[in-house]
Amino acid sequence: MQRAMRLLETVAAHEYGAPAKQLARETGLALPTTYHLLRTLVHEGYLRRDKGLFFLGEAAERLGSSGARQKRRSTIVDALAHWRDALGVPVYYAVYREGEIEVMCVSDTPVNPAVEEWADFRETGHAHAIGQCLLSQLDEDARRDHLDRYPVQPLTPYTVRDNHSLLRRLERLRRMEPVTERQEYALGSVCAAIPLTLGSTAATMAISLPAHQVDRLLPAARQLQVEVGRVLGSLALSISM
């Protein structure tokens, strides 16, 4: 296994391919061993052979892209955990992708737990700050399409009452301002979400608090917005996952 990995790493260092004898020399492997491993790796799709030269195959490239995705995800997970601890609140990251609200990552602790998803977040975007923030970043046609598929439904006595009322609320939101909701999704919880600028992707980070701590909500959201703004450039690739 280690010898095969050494071969793969050596092939990866040769953009224009390398012959077996050169790979044997650079890895320090015996030539018969190198030939055997190369045949196996070609058969498994990790390498391909063309005119006597060896290149990375599709299977190795898939591994590489998967590893890159894991590294990007690890970066955003670490960032959310840092902000969770700094602010003392659960932190959420979500995007609007292919017509759906997707909560990509949640970072919380037993002391500061996240809001329980008792009603599907994808279907109840009208009721929570994450959904309202994402919908506010869409154009009018995309908003109406979403609400045609997931119409407003009351979840608590505080939930917006109908599609028209929600659309009016979204139109009044100021660009890049935090979006807040108070017990609209879950009684006893208040939430705030900040919009993120990631090219054409609608994205948000959000926080939640117990309702009796509502006075902390907006200051904490604005602090998160400042913190995210400082590193958004370096996180832009990781955050799109």
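Structure: above.
Everything numeric here is computed off the predicted structure, so don't read it as measured data.

1. Considering the pairing of strand 4 (residues 100-107)
Moving on, step 1. In this sheet, strand 4 lies alongside strand 3 (residues 91-97) in antiparallel orientation, the contact comprising 7 bridges. Considered in strand 4, the bridge of Tyr92 is made with Val106.
Moving on, step 2. Hairpin connection from strand 3 to strand 4: 2 residues lie between these consecutive antiparallel strands, with Glu98 at a positive phi of about 50°.

2. A few points about the pairing of strand 3
Moving on, step 1. Counting buried positions over the 7 residues of strand 3 gives 6, a clear majority of the element.
Moving on, step 2. One ladder, built from 6 bridges, connects strand 3 with strand 7 (residues 201-210); its direction is antiparallel. Within the sheet, the bridge partner assigned to Val91 lies in strand 7 and is Ile207.

3. Here's the deal with the nonpolar core
Moving on, step 1. Counting 28 residues, the largest nonpolar core has Tyr96, Val115, Ile130, Leu134, Leu135, Leu166 and Tyr185 as its most contacted members.
Moving on, step 2. Every element with two or more residues in this core is listed here: strand 3, helix 5 (129-136), helix 7 (163-172), strand 6 (189-198) and strand 7.
Moving on, step 3. The biggest single contributor to this core is helix 5, with 5 residues.
Moving on, step 4. Counting residues in each nonpolar core, the second largest holds 25 residues, with Leu80, Leu198, Met205 and Val228 among its members.

4. Things to note about helix 1 (residues 2-12)
Moving on, step 1. All of the buried residues in helix 1 are Ala4, Leu7, Leu8, Thr10 and Val11. Down the axis, helix 1 shows its buried residues gathered within 165° of arc, on one side only. Among the exposed residues of helix 1, those pointing more than 90 degrees away from its buried face are Gln2 and Glu9.
Moving on, step 2. Looking at the buried positions of helix 1, the neighbouring elements they touch are helix 2 (20-27), helix 3 (31-43), strand 1 (47-50) and strand 2 (53-56).

5. As for the side chain of His128
Moving on, step 1. Within the element layout of this structure, His128 appears in the loop between strand 4 and helix 5.
Moving on, step 2. Judged by its relative accessible area of 4%, His128 is buried.
Moving on, step 3. Residues contacting His128, with those up to four places away along its chain left out, are Ile101, Phe121, Glu181 and Tyr185.

About the criteria used
- Residues numbered from 1 in each chain as written.
- Predicted model: local features only at pLDDT ≥ 70, side-chain atom pairs only at ≥ 80, totals over all residues.
- Heavy atoms only, no water.
- Pairing = 2+ DSSP bridges.
- Helix = DSSP H or I, 4+ residues; strand = E, 2+ residues; numbered from the N terminus.
- Buried < 20%, exposed > 50% of the residue type's maximum accessible area, 1.4 Å probe, protein only.
- Core = buried A, V, L, I, M, F, W, Y, C linked by side-chain atoms within 4.5 Å.
- Arc of directions from axis to C-beta.
- Contact = heavy atoms within 4.5 Å.

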